Amino acid sequence: MRPAAARRPAPGAGAPARPAGARHLPNPRLTGLGGGLFAGAVMLVLGFLDRLLFGGSLTAYGVLFLPVCALTALWIRSGDLLTAPVVAPIAFAVGLLPAVPGDGGLGGRLMALITALATQAGWLYGGTAVAAALVGVRAVGRRRTATAAAARNGSAARPGGAGSPGRGGSGTPRPPRGPGRPTAR
């Protein structure tokens, strides 16, 4: 049994108490697939609402696309960060299906979709850039947190480096290379 000084406090004991009526923002962690489904479903609903309320205004649709990209990039879990900029253009295209006016059956609807994708490329690139920028900020923050944690633990090795356990290394130093042995580069 640990001495009393080494015991950890109960969960929530060190955290400041929140007032009873205080609320916090949701902080879900979506997988890559979940992020794609979230963005696609929200854009599909927004496409229908845009068609219903604004008569298919592609500018309104583009403006609504930007916060969806931001939320998707913020809510995707750390291991799946690179999927956020990938699912953004897919969600944009999915949501455009109900938003664009299409006359003349399937061919007319397809031509309207392609035209809308071409004319609204600025919104598409902008939303994808928002997602990519947020993913970049989160990745840098995650790297700094891991580096700070490794420094606190007294580890001289880079977290996730070649000599660390879990990345193919055993955590022990390699034997010195002798003459005639090739160097790894």
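Only a predicted model underlies this, so the values are computations on that prediction, with no experimental measurement involved.

About the cut-offs
- Residues numbered from 1 in each chain as written.
- Predicted model: local features only at pLDDT ≥ 70, side-chain atom pairs only at ≥ 80, totals over all residues.
- Heavy atoms only, no water.
- Axes fitted to C-alpha atoms, helices over the stretch in contact; angles between N-to-C directions.
- Helix = DSSP H or I, 4+ residues; strand = E, 2+ residues; numbered from the N terminus.
- Parallel < 35°, antiparallel > 145°, perpendicular 65-115°, else oblique.
- Left-handed = near helix turned anticlockwise from the far one by under 90°.
- Contact = heavy atoms within 4.5 Å.
- UniProt positions renumbered as here; feature names shortened; annotations may be inferred.
- Expected span 1.5 Å × (residues − 1).
- Buried < 20%, exposed > 50% of the residue type's maximum accessible area, 1.4 Å probe, protein only.
- Patch = residues over 30% accessible without salt bridge, like charges linked within 9 Å, V, L, I, M, F, W, Y side chains within 5 Å.
- Areas by Shrake-Rupley, 256 points an atom, 1.4 Å probe, with all protein chains shown as cover.
- Salt bridge = Lys/Arg side-chain N within 4 Å of Asp/Glu carboxyl O.
- Core = buried A, V, L, I, M, F, W, Y, C linked by side-chain atoms within 4.5 Å.
- Phe/Tyr/Trp six-rings, centres within 6.5 Å; stacked < 30°, edge-to-face > 60°.

### Remarks on the packing of helix 3 (residues 84-99) against helix 4 (residues 105-119)
Axis angle and axis distance: for two packed helices, these are the angle between their axes and the distance between the axes, and together they describe the pair. Running from N to C, helix 3 and helix 4 cross one another at 130°; their axes reach a closest spacing of 10 Å. Judged on the interaxial angle alone, helix 4 and helix 3 are oblique. As helix 3 packs across helix 4, the resulting crossing turns out to be right-handed. Across from F92, A93, L96, L97 and P98 in helix 3, the residues of helix 4 making contact are R109, L113, A116 and L117.

### Side note on the UniProt feature "transmembrane region" (unreviewed entry) in the protein chain
According to UniProt, the positions carrying the feature "transmembrane region" (unreviewed entry) are residues 30-49, 55-76, 81-100 and 112-135. Within the segment residues 55-76, helix and strand shares are 82% and 0% respectively, and the terminal C-alpha atoms sit 32 Å apart. End C-alpha atoms of residues 81-100 are separated by 30 Å, and the span's content is 80% helix alongside 0% strand.

### Brief notes about helix 2 (residues 58-75)
Residues spaced three or four apart along an α-helix face the same direction, because each turn holds 3.6 residues. Its 18 residues place the ends of helix 2 26 Å apart at the C-alpha level, agreeing with the 26 Å of an ideal helix rising 1.5 Å per residue. When we look at burial in helix 2, the residues that qualify are L58, A60, Y61, G62, F65, V68, C69, A70, T72, A73 and W75. Along its buried surface, helix 2 packs onto helix 1 (32-54), helix 3, helix 4 and helix 5 (121-152).

### Side note on a nonpolar patch on the surface
On the surface, a nonpolar cluster with roughly 530 Å² of combined accessible area is contributed by V45, L49, L52, L53 and F54. Inspection of the secondary structure puts L53 in helix 1.

### Focus: the nonpolar core
Of all hydrophobic cores here, the largest spans 24 residues; its most connected members are M43, Y61, F65, F92, L96 and V100. At the level of secondary structure, the elements contributing two or more residues to this core comprise helix 1, helix 2, helix 3, helix 4 and helix 5. When near neighbours in sequence (up to four residues on either side) are disregarded, V100 contacts R51, L58, R109, A112, L113 and A116.

### Regarding the packing of aromatic side chains
Taken as a whole and assessed by the stated rule, the structure comprises three aromatic pairs. Consider the rings of F38 and W75, whose centres lie 5.5 Å apart with planes at 55°: the pair is tilted. Here F38 is found in helix 1, whereas its partner W75 is found in helix 2, with 37 residues between them in sequence. Its relative accessible area of 22% is what places F38 among the partly exposed residues. Relative to F92, the ring of F65 lies with its centre 4.8 Å away and its plane at 70°, an arrangement referred to as edge-to-face. Here F92 lies in helix 3 and F65 lies in helix 2, a separation of 27 residues in the sequence. Each member of the pair, F65 as well as F92, is classed as buried. An aromatic cluster of three or more residues is present, and its members are Y61, F65 and F92.

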